[in-house]
Amino acid sequence: MSNAPTFVALPDISDLMDSKITRVHQLLNDRHLVEVRRDGIRMVPAEFVLDRQVVKSLPATITLLTDAGFTDEEIIDWLFTADDLLPGRPIDALRENRGTEIKRRAQAAGF
């Protein structure tokens, strides 16, 4: 499995969530999702959505990493960088409902 996220445009996230694009914009504004721009297009990792919902514990993890001074790009890098102690990537652990350990690691990342 590649460590790189699968970036998709906001309309595709809207489709994955079976919701309106305005809902995706609100999730970005509320920091439940983070984005990057690629060639001027706003993109979000598709892995942030599971079963038409934002992955559980992702918003809390984003908040912890933001509070630690991470940029959106750094947050995405952190979530998609494999960690031998997990094992695997933090995003995969979140998708497997193992958010407690990831939030603990995100809190420690600021120190």
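For clarity, every value in this text was computed on a predicted model and none was experimentally measured.

1. Looking at the pairing of strand β3 (residues 41-45)
Successive side chains on a regular strand alternate, one facing one side of the sheet and the next facing the other.
Point 1. Where strand β1 (residues 7-9) lies against β3, 3 bridges are found, and the strand directions are antiparallel. Within the sheet, the bridge partner assigned to Ala9 lies in β3 and is Met43.
Point 2. The pairing of strand β2 (residues 36-38) with β3 spans 3 bridges and is antiparallel. Bridge assignment links Arg37 to a residue of β3, and that residue is Arg42.
Point 3. Here β2 folds back onto β3, and the loop between the two strands holds 2 residues, one of which, Asp39, carries a positive phi near 50°.

2. Considerations on the environment of Leu86
Point 1. Within the fold, Leu86 resides in the loop between α4 (72-79) and α5 (90-95).
Point 2. Measuring from C-alpha to C-alpha, the distance between Leu86 and Asp39 comes to 33 Å, with 47 residues separating the pair along the chain.

What counts, and where the lines are drawn
- Residues numbered from 1 in each chain as written.
- Predicted model: local features only at pLDDT ≥ 70, side-chain atom pairs only at ≥ 80, totals over all residues.
- Heavy atoms only, no water.
- Pairing = 2+ DSSP bridges.
- Helix = DSSP H or I, 4+ residues; strand = E, 2+ residues; numbered from the N terminus.

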